[in-house]
Amino acid sequence: MVNKMIYFDNAASTKPSKEVLDAYLSAALNDFENPNSLHKYGVKNLTDINRIRQNILKLFGFSSDYEVIFTSGATESNNLAILGYARKNSSRGKKIITSSVEHESVLNVFKELEKEGFNVTYLSPNNEGKFDLEKFKKEFTKDTILVSIMTVNNEAGFKTNIEEIAKIVHENPKCVLHSDCAQTLGKYKVNFNTFDLVTISGHKINGLKGIGALIKKKKVNLEPIVYGGGQENGLRSGTLDYPSIVAFNVAIENAMKNFAINYSNITKLHDYLIDELSKIEEVTLHLFKDYTPYIINFSLRTKKGSVIVEALSNKEVFVSSVSACNSKNEPLSYVLLNLGKSIEEAKNSIRLSLGKDSTIEECQDFIRIFKEILLEVRGR
């Protein structure tokens with residue numbers, strides 16, 4: 001029995017860092033005024049928020065063509081990007097393209113747009129997580145106005161060939177490319193200028209829940225999905241959450257500053273876990289040539305993934321069986337199914353997602369406890 005919690009569910013949510021919490025608390029106590037108020041304290045807060053916008057763009061290497069719209073997180077950013085662009089530009093075409101392995105906050109938005117009369121194509125990747133460019137070109141007609149493809153998959157950890165898709169998309173001047181990068185920031189190097197619309201989230205990078213952003217090219221026109229006082233250039237009404245924005249900025253700075261050392265450490269842990277898991281007959285690993293080391297996905301051959309996840313939880317080891325956002329509703333992984341895996345593999349998958357605070361000792365303890373549980377749980 002392990003005494004200390006082992007938390008390998010960082011793709012679902014990470015622990016906020018002390019620096020983030022300190023920044024939030026300081027701003028919440030000392031700079032609580034509404035940034036849209038006309039008095040000097042409101043002006044000060046809004047000025048600081050605009051400075052943070054520029055800092056975020058600089059940290060990501062965005063050109064001056066982009067702007068930051070603060071939101072409540074990745075789900076709202078995805079909704080604003082997809083609904084906002086499709087509705088605003090429907091007169092230019094009704095064809096839109098996404099993939100079958102997107103997060104639900106993307107897939108369910110496209111299902112809504114289908115109800116509104118849009119023609120949606122859902123592309124499936126091959127077993128390496130890459131999309132057939134010839135198939136994409138056939139679907140990419142002159143009436144296509146929007147393509148939304150994630151960069152790094154949240155369940156299996158594979159990297160898509162988004163850069164190759166971008167080259168095709170940008171041949172059509174009326175079409176834009178959106179990418180859900182919630183699992184990319186701090187976990188994989190990418191040229192963000194490849195995209196027209198980018199989704200990021202705070203709680204995936206040791207920040208707070210309830211804060212995120214949509215980074216967009218200034219020339220991309222969107223229809224708002226939240227109406228009110230006209231904040232965020234009219235695209236996201238509601239009082240700006242100054243303390244959360246300050247904390248979000250700290251989380252992003254830390255993620256970018258520590259990217260190399262964190263990536264190196266996580267790669268060592270990833271390689272150790274892969275090596276140990278590959279020795280266990282019960283385990284079928286889902287490996288990819290192009291991936292983030294932060295996420296490991298495997299399936300059990302004779303035992304139920306949900307049973308093993310529960311047994312691990314009872315021993316203070318926390319992993320997930322499918323994406324946290326659909327774990328209560330979906331008994332199997334639609335991501336693995338769309339990668340060509342079997343129904344049994346999709347039913348009995350387990351995801352380990354590492355974080356910056358993960359250690360080799362935790363990995364060693366996990367393997368030991370996991371083996372013990374496999375012996376205890378007989379075919380259930």
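Given the structure is predicted, the values throughout are model-derived calculations rather than measurements.

> So what exactly am I meant to see when it comes to the side chain of asparagine 55 here?
Tracing the backbone through its elements, the reader meets asparagine 55 in helix 2 (residues 40-60). What makes asparagine 55 buried here is its relative accessible area of 18%. Side-chain polar atoms of asparagine 55 contact the side chain of asparagine 249, separated by 2.9 Å. What asparagine 55 contacts, discounting residues up to four positions off in sequence, is Asn249 and Glu253.

> How should I be thinking about helix 6 (residues 162-169) in this particular structure?
Think of an α-helix as 3.6 residues a turn; residues three or four steps apart then line up on the same face. Of all the residues in helix 6, the buried ones are Ile162, Ile165, Ala166, Ile168 and Val169. The buried side chains of helix 6 occupy one side of the element, clustering within an arc of 160° when seen end-on. Considering only its buried residues, helix 6 is in contact with helix 5 (133-139), strand 5 (144-148) and strand 6 (176-180).

> Is there a simple way to explain the sheet that holds strand 7 (residues 197-201) in this structure?
Backbone-to-backbone hydrogen bonds pair the strands of a sheet. The strands run either parallel or antiparallel. The 7 strands lie next to each other as 2-8-7-6-5-3-4, forming an open sheet whose pairing is mixed. This sheet does not close on itself; its edge strands, each paired only once, are strand 2 (66-71) and strand 4 (119-123). Pairs of neighbouring strands in the sheet enclose a mean axial angle of 20°, with direction left out of account. Bridge analysis of strand 2 against strand 8 (residues 212-217) gives 6 bridges, and the strand direction is antiparallel. Paired with isoleucine 69 across the bridge in strand 8 is leucine 214. Running at roughly 160° to strand 6, helix 6 makes contact with strand 5 and strand 6 of the sheet. Sheet strands touched by helix 7 (residues 242-257): strand 2, strand 7 and strand 8. Its angle to strand 7, the strand with the most contacts, is close to 95°.

> Please explain the packing of aromatic side chains as it appears in this structure.
Aromatic rings considered in pairs are described by the distance between their centres and by the relative angle of their planes. Summed over all chains, the structure comprises 10 aromatic pairs. For the pair phenylalanine 60 and phenylalanine 62, a centre-to-centre distance of 6.0 Å together with 70° between the ring planes defines the contact as edge-to-face. On the basis of relative accessible area, phenylalanine 60 is assigned to the buried category, the value being 7%. On the basis of an interplanar angle of 55° and a centroid distance of 5.3 Å, the ring pair of phenylalanine 158 and phenylalanine 288 is categorised as tilted. Linking phenylalanine 158 in the loop between strand 5 and helix 6 with phenylalanine 288 in the loop between strand 9 (283-286) and strand 10 (295-300), this pair joins segments that are 130 residues apart in sequence.

Rules behind the numbers
- Per chain, residues are indexed from 1 in the order of the written sequence.
- Selection of residues for local features in this predicted model requires a pLDDT of at least 70, selection of side-chain atom pairs for listing and counting requires 80 or more, and totals for whole chains, interfaces and linings are taken over all residues.
- Values shown for side chains rest on all heavy atoms present in the structure; no hydrogens or waters enter the calculation.
- The secondary structure listing takes helices from DSSP runs of H or I that are at least 4 residues long and strands from runs of E that are at least 2 residues long, numbered from the N terminus.
- A 1.4 Å probe rolled over the protein chains alone gives each residue an accessible area, and that area as a share of the maximum for its type sets the label: buried under 20%, exposed over 50%, partly exposed in between.
- For the purposes of these results, a polar contact is taken to be a pair of N or O atoms within 3.5 Å, where, inside protein, one atom must be able to donate a hydrogen and its partner to accept one; residues adjacent in sequence count only when each atom of the pair is a side-chain atom.
- Here, two residues are considered to be in contact whenever any of their heavy atoms come within 4.5 Å of each other.
- Starting at the helix axis, one direction is taken to each C-beta atom, and the arc is that of these directions.
- DSSP-based pairing: two strands are paired if at least 2 bridges between them are found.
- Only the contacting stretch of a helix is used when fitting its axis, a line to C-alpha atoms as for every element, and angles between N-to-C directions run 0 to 180 degrees.
- Stacked, edge-to-face and tilted labels apply to pairs of Phe, Tyr and Trp rings (six-membered ring for Trp) whose centres lie within 6.5 Å, assigned for plane angles under 30 degrees, over 60, and everything in between, in that order.

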